[in-house]
Amino acid sequence: MSDIIKEITDAVTSQNINGAVEKTKEALASGIPALEIVQKGLSVGMKIVGDRFEAGELFLPQIMMSAKAMNNSMEVLNPELTAGGASASAGYCLSFVQSGDIHDIGNRLVATMLGANGFTVKVLGVDVDNEIVIEEIKKAPADKVLLAGSALMTTSMLGQKDLMILINEEGVRGKVKCMFGGAPVSKAWIEEIGADGTAENAAEAVIVARKIMDVETSKVKV
Ligand code: HCB
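What you see is a predicted model; the values in this text were computed from it and never measured. For every chain, the first residue of the written sequence is number 1, and numbering continues from 1 onward in sequence order. Since the coordinates come from a predicted model, pLDDT governs what is reported: local features require at least 70, and pairs of side-chain atoms require 80 or more to be given and counted, while whole-chain, interface and lining totals use all residues. Side-chain measures were taken over the full set of non-hydrogen atoms in the model, leaving aside hydrogen atoms and water.

Colleague: Sorry, what's going on with the site of the ligand here?
Modeller: What makes a residue near a molecule or strand is one non-hydrogen atom of that residue sitting within 4 Å of it. Near the ligand you find 34 residues, and of these Ile102, His103, Asp104, Ser150 and Thr154 are the closest. Separating a nitrogen atom of the ligand from a backbone N or O atom of Gly50 is a distance of 3.5 Å. We define a polar contact as two N or O atoms separated by no more than 3.5 Å, with the added condition that, inside protein, one atom must be a possible hydrogen donor and the other a possible acceptor, whereas residues neighbouring each other in sequence contribute only through side-chain atom pairs. Glu54 places a polar side-chain atom, nitrogen or oxygen, 3.3 Å from a nitrogen atom of the ligand. At the level of elements, α3 (34–54), α4 (60–82), α5 (105–115), β3 (145–150) and β4 (176–181) are the ones that each hand at least two residues to the shell around the ligand. Here a strand is any run of E in DSSP of at least two residues, a helix any run of H or I of at least four, and the numbering for each starts at the N terminus.

Colleague: Explain unusual backbone geometry here, please?
Modeller: A negative phi angle characterises most non-glycine residues, just as the trans form characterises most peptide bonds. Of note, the phi angle at Gln15 is positive, near 60°, even though the residue is not glycine. Following the sequence through the fold, Gln15 ends up in the loop between α1 (3–13) and α2 (17–29). Positive phi, normally seen in glycine, also occurs at Asp214, with a value near 60°. Residue placement: Asp214 occurs in the segment after α9 (202–212).

Colleague: Any chance you could explain α2 here in plain terms?
Modeller: Every α-helical turn comprises 3.6 residues, leaving residues that sit three or four positions apart pointing alike. Taking 1.5 Å per residue as the helical rise, α2 with its 13 residues ought to reach 18 Å, and the 19 Å between its terminal C-alpha atoms agrees with that figure. What makes two residues a contact is simply this: any of their non-hydrogen atoms within 4.5 Å. Contacts from the buried residues of α2 go to α1, α3 and α4. A side-chain oxygen of the first residue of α2 lies 2.8 Å from the backbone nitrogen of Gly19; this N-cap is Asn16. Phi for Gly31, located one or two positions after α2, is positive at around 95°. Expected span of a helix: the number of residues minus one, times 1.5 Å.

Colleague: Honestly, the packing of α2 against α3 in this entry has me stumped. Any pointers?
Modeller: Each pair of packed helices can be summarised by the angle the axes make with each other and by the distance between the axes. Angles here are taken between N-to-C directions and fall from 0 to 180 degrees, while the axes themselves are lines fitted to C-alpha atoms, restricted in helices to the stretch in contact. As a packed pair, α2 and α3 sit with axes 10 Å apart at the nearest point and diverge in direction by 135°. When the interaxial angle is binned, α2 and α3 end up oblique. Remark: the crossing between α2 and α3 carries right-handed chirality. Between α2 and α3, the residues in contact are Thr24, Ala27 and Leu28 and Ala34, Ile37 and Leu42, respectively. Any residue that is not Ala, Val, Leu, Ile, Met, Phe, Trp, Tyr, Cys, Pro, Asp, Glu, Lys or Arg is counted as polar, Gly included; the first ten are nonpolar and the last four charged. Considering only residue class, the contact of α2 with α3 consists of five nonpolar, one polar and no charged. Orientation is classified from the angle alone, with under 35 degrees giving roughly parallel, over 145 giving roughly antiparallel, 65 to 115 giving roughly perpendicular, and any other angle giving oblique. When the near helix sits turned anticlockwise from the far one by under a right angle, the crossing is termed left-handed; a clockwise turn instead gives a right-handed crossing.

No statement about biological role is implied by the geometric values presented.
What follows is the structure, given as structure tokens:
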């Protein structure tokens, strides 16, 4: 791993907001691709912070500062992530974080990458009720809709199962392809709830999304 990438990880884990942004700019200027900075630097830092939080070594205010370091750095990277993306429309996507859950860093990253790869993305935001998702599916200006839903907590993840039930009850299963993600979401969970796919990161999410939406995957920019 390059020194600069490690410094970005360290800036996130030490809640060094300005440092994370500066190092991110430096890494970009040195030619490291934006996605690599996200996946090998910033996201690794957030994973370490999460593990330390779980171990009781860090507390919420520190997590919030680390999240700010990642978010501010993402503002630097977003134009790069979206530049020169696929122009052909891959389809319409609804992006949202499950009800009761406000973790949006990963969801926003997935939405950005889908947007950069041909999807028209409507971002519904965080803490979104399943009824809202159903309404949005029904009024979506497309025959087929991709759901890119996130849940970061084991509690909010259960809402994905309820959503699948509601989608079937409301008779819109034929109109949607359902991709769910977030740290607790596994392939076994996706099978259990009858969804269509999951992905461990934003780059994989693009591949999975295009696959389940039957869009050519050779043109992805990830
Ligand atoms: Co938060 N939190 N948190 N948190 N938090 C987690 C999620 C825990 C796992 C930490 C822990 O205990 N180890 C834990 C949940 C435990 C559980 O349920 N099993 C937890 C908890 C408990 C809580 C609170 C309840 C704490 C409290 O108040 N006592 C509270 C909940 C608030 C709420 O939602 N109602 C809370 C609050 C916070 C903040 C506000 C401090 C902050 C969120 C800031 C924000 O998002 N704007 C926060 C953070 C940052 C985390 C951790 C540390 C990092 C999450 C993150 O941003 N990761 C997280 C620890 C962890 O996840 N291991 C911890 C980085 C991104 C890039 O990764 O996994 O989100 P990602 O997304 C990936 C990937 O999953 C995939 O691609 C993304 C990009 O590569 N993907 C998809 C994501 N969505 C997809 C959708 C698709 O369709 C496809 C792929």
